[in-house]
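Take a look at the letters that make up each chain.
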Amino acid sequence: MEKIIHQGRNVKRFREMLGVKQEALAVELGADWNQRKISLLEQKEVIEEELLDKVAKALNINSNAIKTLSEEAVYNFINNFNDNSVNNAPLNNHYCSFNPIDKIVELYDALLKSEKEKVEFMQKILDKN
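The shown structure was predicted, so the numbers you read here are calculated from the model rather than taken from an experiment. (Residues numbered from 1 in each chain as written. Predicted model: local features only at pLDDT ≥ 70, side-chain atom pairs only at ≥ 80, totals over all residues. Heavy atoms only, no water.)

K.L.:
Account for the packing of helix H1 (residues 7–17) against helix H4 (residues 49–59), with residues named and values stated.
P.N.:
Packing of H1 against H4 brings their axes to within 11 Å, and their N-to-C directions diverge by 10°. Put simply, H1 runs roughly parallel to H4. For the pair H1 and H4, the contacting residues are Gln7, Val11, Phe14 and Arg15 in the first and Leu52, Val55 and Leu59 in the second. Taken together, the residues that form the contact of H1 with H4 break down as 5 nonpolar, 1 polar and 1 charged. (Axes fitted to C-alpha atoms, helices over the stretch in contact; angles between N-to-C directions. Helix = DSSP H or I, 4+ residues; strand = E, 2+ residues; numbered from the N terminus. Parallel < 35°, antiparallel > 145°, perpendicular 65-115°, else oblique. Contact = heavy atoms within 4.5 Å. Nonpolar A, V, L, I, M, F, W, Y, C, P; charged D, E, K, R; others polar.)

K.L.:
Go over the nonpolar core with me, naming the residues and quoting the values.
P.N.:
Core analysis: the biggest nonpolar cluster contains 20 residues, and Leu25, Leu29, Trp33 and Val55 have the highest contact counts within it. Going through the elements one at a time, H1, helix H2 (22–29), helix H3 (35–41), H4 and helix H7 (100–128) are the ones with two or more residues in this core. Examining the composition of this core, we find that 6 residues originate from one element, H4, more than from any other. Not counting the four nearest positions on each side in its chain, Leu29 is found in contact with Ile38, Lys54, Val55 and Ala58. (Core = buried A, V, L, I, M, F, W, Y, C linked by side-chain atoms within 4.5 Å. Buried < 20%, exposed > 50% of the residue type's maximum accessible area, 1.4 Å probe, protein only.)

K.L.:
Any details on the pattern of salt bridges? Residues and values, ideally.
P.N.:
A full pass over the atoms with the stated rule returns 8 salt bridges. For the salt bridge of Lys124 with Glu28, the shortest nitrogen-to-oxygen distance reads 3.6 Å. With a gap of 96 residues between them, Lys124 in helix H7 and Glu28 in helix H2 connect regions that are remote in the sequence. Overall, the relative accessible area of 39% leaves Lys124 in the partly exposed class. The shortest N-O distance in the salt bridge between Lys44 and Glu48 comes to 2.8 Å. By relative accessible area, Glu48 is classed as partly exposed at 44%. Salt bridges linked by common partners bring Arg15, Glu16 and Glu42 together as one network. (Salt bridge = Lys/Arg side-chain N within 4 Å of Asp/Glu carboxyl O.)

K.L.:
Describe H1, naming the residues involved and giving the relevant values.
P.N.:
Of the positions making up H1, those classed as buried are Gln7, Gly8, Asn10, Val11, Arg13, Phe14 and Arg15. One or two positions beyond H1, positive phi appears at Gly19, with a value near 75°.

K.L.:
Could you give an account of the environment of Lys21, naming the residues involved and the relevant values?
P.N.:
Position of Lys21 among the secondary structure elements: in the loop between H1 and H2. Linking Lys21 and Gln35, residues 14 residues apart in sequence, is a C-alpha distance of 8.6 Å.

Given below as structure tokens:
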């Protein structure tokens, strides 16, 4: 069975993970773009190579990520996350296999990086106007 990769859905996934609104992506893509066109783009299973590269650049990601992220990979990631959760441990056996403080620091660093990227993205939008 061949993996189906819906590039439009992948654009939406990455856009949402990065906290970028459709309107902001439209501004980044140029004057002939608007929120409605972004919505339509996210419904397309296959996106033209040149446009895909432009969208990836606007989101500051590699276009191969959009081309290769399959539904199966997304579900596997979610299932692996759920399988490793504390809720699946036996009732009297809540031992962590990691240091929770390290995870908090890791999550904080990721959040900080994401916020910095959002600020840079918004600054680029403001500089264009």
